[in-house]
Amino acid sequence: MADTKREVERKYEGPLAGDDPALPDLTRVPGVSGVLDKGVADLDATYYDTADQRLAAASLTLRRRTGGDDAGWHLKLPVSEGVRDEIRAPLSDTVPHSLSALVRSRVREAALVPVVRLRSARDVRHLVDASGALLAEVSVDHVRAERLSGGTGVAAWTEIEVELADDGDPAFLDKVEKKLRKAGLTRSSSKSKLAKALADTDAGTDADSAQVEDAGRAGRKKPAGRKKSADTAPRTAGDHVLAYLRTQRDAIIELDPAVRRDLHDSVHSMRVATRRMRSAFRSYGKVLDRAVTDPIGQELKWLAGELGVGRDQEVLAERLTEALDGLPEALLTGPVRDRLRTWSQARGEGSRRHVIAVLDGSRYLGLLAALDAAVDDPPLLKAAAGDPAKVITKAVRKDFAKVSALVDEALGLAPGADRDLAMHEARKKAKRTRYAAEAAVPALGGPAAGLVKSMKSLQSLLGDHQDGVMARETLRDLAGRAHEAGESAFTYGVLYGREERRAAEAEAALPGVWEPIRGGGGI
């Protein structure tokens, strides 16, 4: 069973190579009332990675460590500069599945093997306040690194590590750093011990390092000799489209661990990345061969659908619960809250297990491989070499024209099912146009950015209307169940009426939102 700890730390080294940094008097740091000597701990850690170091390229570290008070398996995932989530699992002879699953989008089918062994003598101090509460742990680490694969080198160094106490104020680290800098210490040039160990024991070349970086982004090692397009500024239409696609591909890979950990908004964010990529394939069909990208788009649609199991239910339940909370008590009759809660839980039960099973499946791995191929070896058409201002503008205008036709169609229909469907189709096309405009921003600048903003507003209005359509269908179903159970259906009718009014307001607001957009003519 794994548990997670948020780690906020900074590493420091001496001013000159080979210097053995020593701690200054830290009792003079503001807020520190005492420095407690906690003794020396002998730590022995073996770090695991693929042969081409995909985890290291993504700043992920996976280790098995003995010694100290937290022996076990540790996976560290970057959150921001100096902040990582450390996910722990008990000691075992093999990598625990709870951790290997979290790096699957990077590792794919490659084996995790020992790459570096670090043995450290850690001299630990605790900085405490007047009440004896821990503010930070400061350690002087004497490290010896031994390369286990991909090289045979050894290295040794000493560094100082300052780790903030749980729930501590990050500003305290600035105070400690000020004292350390006065003593001649500087931030470590390496982000982690593993990064330094790999660099100091590596006999490879800069080209090898570039390949490792690419492998971390795409989850696989690129063929030797390929020029990395991300290293140069986009010039052609194809460059701009591929840059956008690369960002979405990377987002899917990077969000995988967050989805598995059920972090807030992670499922939604991954779904958005799949939709953006699929939309770009379709919008820029003159740049990339759709005979190749359409099948990938279908797989992206499949993944978005699987991720949506339970998510759409959750959003709808939140809408209905909020509406229920807004009703006066006099309008609440029968066990409406209990029935809504039961409906929500029954529909959402098992959705997270389902999503994880999807991410563990071979079909998902196949999709990731296809995304890599589409980005790294793209099926470019003649227009890809063209002027971005012409090629991209034409693609975005084509999408905008489709939105315009659908909105006009919806406005020409009487309220009812046909108008609801037309507005729903317009919402989907507005979303596609928004994503196409997002990809166009680096090439077209302000006009594309303005269209993104306009489409977002239109999408929001039409999306709320569609949510209302789904809410009314659900309320009708719940009212029927309540009636069959001998319960009052009055409250469901009240909520239904409010949803109808909300839909009418959205329909009435549509011309006012749309006319300025159409008048602007898109791009």
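So, how was this worked out
Starting afresh in each chain, residues are numbered from 1 along the sequence in its written order. Note on the predicted model: pLDDT of at least 70 is required for a residue's local features to be given, and 80 or more for side-chain atom pairs to be given and counted; whole-chain, interface and lining totals, by contrast, use all residues. Calculated side-chain values reflect all of the structure's heavy atoms, with hydrogen atoms and water omitted. Counted as salt bridges are all cases of a side-chain nitrogen of Lys or Arg within 4 Å of a carboxyl oxygen of Asp or Glu. Starting at the N terminus, helices and strands are each numbered in turn, a helix being any DSSP run of H or I of at least four residues and a strand any DSSP run of E of at least two. Definition of nonpolar core: a set of buried residues of the types Ala, Val, Leu, Ile, Met, Phe, Trp, Tyr and Cys, connected through side-chain atoms within 4.5 Å. A 1.4 Å probe rolled over the protein chains alone gives each residue an accessible area, and that area as a share of the maximum for its type sets the label: buried under 20%, exposed over 50%, partly exposed in between. A contact between two residues is defined here by any heavy atoms of the two lying within 4.5 Å. Think of it this way: DSSP has to see at least two bridges between two strands before they count as a pair. A helix's residues, less one, multiplied by 1.5 Å, set its expected span. We call Phe, Tyr and Trp rings a pair once their centres come within 6.5 Å, taking the six-membered ring for Trp, and we label the pair stacked below 30 degrees between planes, edge-to-face above 60, and tilted otherwise. Counted as over-ring charges are cases with an Arg CZ or a Lys NZ within 6 Å of the ring centre that also lie within 35 degrees of the ring normal. Pairing of N or O atoms within 3.5 Å defines a polar contact, subject to two protein rules: one partner must be a possible hydrogen donor and the other a possible acceptor, and residues neighboring in sequence count only if both atoms are side-chain atoms.

**Q** Whenever I open this one, the pattern of salt bridges confuses me. Can you help?
**A** Proximity of charged atoms lets side chains of opposite charge pair with each other. Following the criterion strictly, the structure yields 55 salt bridges and no others. For Arg84, the salt bridge goes to Glu7, with nearest N and O atoms at 3.2 Å. With a gap of 77 residues between them, Arg84 in strand E5 (residues 83-89) and Glu7 in strand E1 (residues 3-13) connect regions that are remote in the sequence. Residue Glu515 pairs with Arg518 through a salt bridge whose shortest N-O separation is 2.5 Å. Note that Glu515 and Arg518 are positioned in helix H17 (residues 490-520) at a spacing of three residues, about one turn of the helix.

**Q** Explanation requested: the nonpolar core in the structure shown.
**A** A general tendency of soluble globular proteins is for nonpolar side chains to be buried together. With 66 residues, the main nonpolar core has Leu245, Ile252, Tyr284, Met455, Leu458 and Trp514 as its most contacted residues. For this core, the leading source of residues is helix H15 (residues 417-444), giving ten residues. Setting aside residues no more than four positions away along its own chain, Leu245 makes contact with Met277, Ala280, Phe281, Leu288 and Val375.

**Q** Help me out: how do you make sense of the pairing of strand E7 (residues 134-147) in this one?
**A** Relative to E7, strand E6 (residues 113-128) runs antiparallel, the two sharing 13 bridges. Paired with Arg117 across the bridge in E7 is Glu146. As consecutive antiparallel partners, E6 and E7 are separated by five residues, and within that stretch Gly132 has a phi angle of approximately 90 degrees, a positive value. In terms of strand pairing, E7 meets strand E8 (residues 154-164) through eleven bridges, oriented antiparallel.

**Q** Would you mind going over the side chain of Glu499 with me for this structure?
**A** Summarising the element assignment, Glu499 is placed in helix H17. By relative accessible area, Glu499 is classed as buried at 4%. Once residues within four sequence positions are removed from consideration, Glu499 is found in contact with Arg319, Gly468, Ala471, Arg472 and Leu475.

**Q** Before we go on, may I ask you to explain helix H13 (residues 362-376) in this structure?
**A** Three or four residues apart is the spacing at which side chains of an α-helix point the same way, because the helix has 3.6 residues per turn. Spanning 15 residues, H13 covers 21 Å between terminal C-alpha atoms, matching the ideal 21 Å at 1.5 Å per step. If you check which residues of H13 are buried, you get Tyr364, Leu365, Leu367, Leu368, Leu371, Asp372, Ala374, Val375 and Asp376.

**Q** Help me understand the packing of aromatic side chains in this model?
**A** Each aromatic ring pair is specified by the distance between its two centres and by the angle formed by the two planes. Taken as a whole and assessed by the stated rule, the structure comprises two aromatic pairs. Taken together, a centroid distance of 5.1 Å and an interplanar angle of 55 degrees make the contact between Tyr48 and Trp73 tilted. Here the residue Tyr48 occupies a position in strand E2 (residues 34-49), and Trp73 occupies one in strand E4 (residues 72-80), the gap between them amounting to 25 residues. Under the relative-accessibility criterion, Trp73 is labelled buried at 0%. Here the basic side chain of Lys196 rests over the ring of Trp157, its NZ or CZ set 5.3 Å away from the ring centre.

**Q** I would appreciate a short explanation of the environment of Asp408 in the present structure.
**A** By the secondary structure assignment, Asp408 is in helix H14 (residues 388-411). Put simply, Asp408 and Met423 are 15 residues apart on the chain and 9.6 Å apart in space, counted from C-alpha to C-alpha. At a separation of 3.5 Å, a polar atom in the side chain of Asp408 contacts the side chain of Trp514.

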